Amino acid sequence: MGKPESSETTMRHGSTRNRGTELRLHEMDQRLRAYALAASAAGVGMLALAQPAHAQVVYTPANVSITDGDLFLDLNCGSKVQFWFADTGEASSYGYFREFAVNGSVGASVMVDAHGPVALPRGSVIGSSRTFKNVHRGEQVMAQAFTTGYGSSGVDGNWANGKQAYLGLKFNIQGEVHYGWASLQVKPSIDQHHGLHVDATLLGYAYESTPNQSIQAGQTRDADAANPDAFSPEAGTLGALARGAASLGHCPDIEPHLSAGRKSHKR
């Protein structure tokens, strides 16, 4: 029969077992923390990732022609169209017009001057300090070709010169204001038979995913002084999803005016 342990020995062994248990619990806690960090980095912590801490530009290149139809533009490829561009023919007692105009949903606005939507040069600031006009149920004509009953004809509008320029955009995502731009080339013309035409092309668009944060016309990357080469994901990619951008879409969506069946868009 073995010698019974003294109370001092029992206390010492018990203390050793307690320290061992505490050590294992500490190691387990560290592992759980590491797993949590890894899961967050992998995209499980999407709630935090969907709330950017600094300016984040989401850019989408495009090359879409707009001829006798509507082009619906959903900058974040969500559930709601923010803007749409229309190439339409109009007639009145004054004559005939071919117009290229921008419309929008509730809260959608474009930068304007006294002559309508401004054709911005690259690098122009688009933000709260600029003048915007709401285009919900009140389209703004960007360019037009016309002939009148008095025999005159011509082209008109800030965008009538056929050069690439940027349209400043202001819109809402979940009730918060965001700024962006759309790059377009618009050329109205009149042929020798007095036919009216507007050739328009959407060349790309971008928006600032941080609410109330300004953006520059043509800006496609984050304005991060610490990382000037920061990558800005295109909408619809996994990178864009991880940064709070859209994951869906055929954005934009072109619909001819003469199409047999028109799609339903939430506006």
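Residues numbered from 1 in each chain as written. Predicted model: local features only at pLDDT ≥ 70, side-chain atom pairs only at ≥ 80, totals over all residues. Heavy atoms only, no water.

Peer 1: Describe the overall build of the protein, naming the residues involved and giving the relevant values.
Peer 2: When its secondary structure is counted, the protein shows three helices and 15 strands. By residue count, 40% of the 267 residues in the protein fall in the buried class. The contacts of the protein with a sequence gap of at least 6 include a subset with a gap of at least 24, amounting to 62%. As presented, the protein carries roughly 15400 Å² of accessible surface, and 52% of it is formed by carbon and sulfur atoms. (Helix = DSSP H or I, 4+ residues; strand = E, 2+ residues; numbered from the N terminus. Buried < 20%, exposed > 50% of the residue type's maximum accessible area, 1.4 Å probe, protein only. Contact = heavy atoms within 4.5 Å. Areas by Shrake-Rupley, 256 points an atom, 1.4 Å probe, with all protein chains shown as cover.)

Peer 1: Tell me what's going on with the packing of aromatic side chains, and back it up with residues and numbers.
Peer 2: Tallying each qualifying case throughout the model produces eight aromatic pairs. Aromatic side chains Phe132 and Tyr179 sit 5.7 Å apart centroid to centroid with 45 degrees between the ring planes, which places their arrangement in the tilted category. Placement of the pair is Phe132 in strand S8 (residues 132-134) and Tyr179 in strand S12 (residues 176-190), with a sequence separation of 47 residues. Classification of Phe132 by relative accessible area gives buried; the value is 19%. (Phe/Tyr/Trp six-rings, centres within 6.5 Å; stacked < 30°, edge-to-face > 60°.)

Peer 1: Now, about the nonpolar core: what can you tell me, with residues and values included?
Peer 2: Judged by nonpolar contacts, the single largest core of 33 residues is most densely connected at Leu73, Phe83, Phe85, Phe100, Leu167 and Leu184. Apart from the residues within four sequence positions on either side, Phe85 is in contact with Ile66, Gly69, Asp70, Leu71, Leu73, Phe100, Ala101, Val102, Met142, Leu167, Ala182 and Leu184. (Core = buried A, V, L, I, M, F, W, Y, C linked by side-chain atoms within 4.5 Å.)

Peer 1: Tell me what's going on with the side chain of Asn76, and back it up with residues and numbers.
Peer 2: Within the secondary structure layout, Asn76 lies in the loop between strand S2 (69-73) and strand S3 (83-92). With relative accessibility at 15%, the residue Asn76 sits in the buried group. In this structure the side chain of Asn76 is engaged in a polar contact, spanning 3.0 Å, whose partner is the side chain of Gln82. (Polar contact = N/O pair within 3.5 Å; in protein donor to acceptor, adjacent residues only side chain to side chain.)

Peer 1: An account of the environment of Ala114 is requested, with residue identities and associated values reported.
Peer 2: Summarising the element assignment, Ala114 is placed in the loop between strand S5 (109-113) and strand S6 (116-117). A C-alpha to C-alpha distance of 10.0 Å links Ala114 and Asn158, two positions 44 residues apart in sequence.

Peer 1: Account for the pattern of salt bridges, with residues named and values stated.
Peer 2: Two side chains bearing opposite charge may form a pair once their charged atoms approach each other closely. On inspection of all chains with the given rule, the structure shows two salt bridges. Here Asp87 ties to Arg98 by a salt bridge, and the two come within 3.1 Å at their closest N and O atoms. Of the two residues, Asp87 sits in strand S3 while Arg98 sits in strand S4 (residues 95-104), which places them 11 residues apart along the sequence. Residue Asp87 is classed as buried on the basis of its relative accessible area of 2%. (Salt bridge = Lys/Arg side-chain N within 4 Å of Asp/Glu carboxyl O.)

Peer 1: Tell me about the confidence of the model for the protein, and please be specific about residues and values.
Peer 2: Mean pLDDT over the protein works out to 75, with 64% of the residues at or above the 70 mark. The secondary-structure element of the protein with the lowest mean pLDDT is helix H2 (residues 46-49), recorded at 33, while strand S7 (residues 125-126) shows the highest, at 98. The low-confidence segment residues 34-53, where pLDDT is below 50, has 14 contacts with residues more than four positions distant or belonging to other chains. Per-residue pLDDT stays below 50 along residues 258-267; that stretch engages in 20 contacts with residues further than four places along the chain or on separate chains. (pLDDT = per-residue confidence, 0-100.)

Peer 1: Can you tell me about unusual backbone geometry, naming the residues and giving the values?
Peer 2: You will see that Asp68, though not glycine, has its phi angle at about 45 degrees, which is positive. Among the structural elements, Asp68 can be located in the loop between strand S1 (57-66) and S2. The phi dihedral of Cys77 is positive, around 50 degrees, even though this residue is not glycine. Take Cys77: it is sitting in the loop between S2 and S3.

Peer 1: Got a sec to walk through the environment of Met111? Specific residues and values, please.
Peer 2: Along the chain, Met111 turns up in strand S5. Sequence-wise, Met111 and Phe132 are 21 residues apart; in three dimensions their C-alpha atoms are separated by 4.3 Å. With near-sequence residues (within four places) excluded, Met111 lies in contact with Gly116, Pro117, Val118, Leu120, Val125, Ile126, Arg130, Thr131, Phe132 and Gly168.

Peer 1: Give a description of the pairing of strand S13 (residues 196-208) that names residues and reports values.
Peer 2: Moving residue by residue along a regular strand, the side chains alternate between the two faces of the sheet. Buried residues dominate S13, accounting for 10 of its 13 residues. Looking at chain direction, S1 and S13 are connected through eight bridges and run antiparallel. Looking at S13, one finds that Pro61 is bridged to Gly204. By the bridge criterion, 11 bridges tie S12 to S13 in an arrangement that is antiparallel. Across the sheet, the residue bridging to Leu184 is Leu202, located in S13. The turn joining S12 and S13, which pair antiparallel and follow one another in sequence, is formed by five residues; a positive phi near 65 degrees is taken by His194. (Pairing = 2+ DSSP bridges.)

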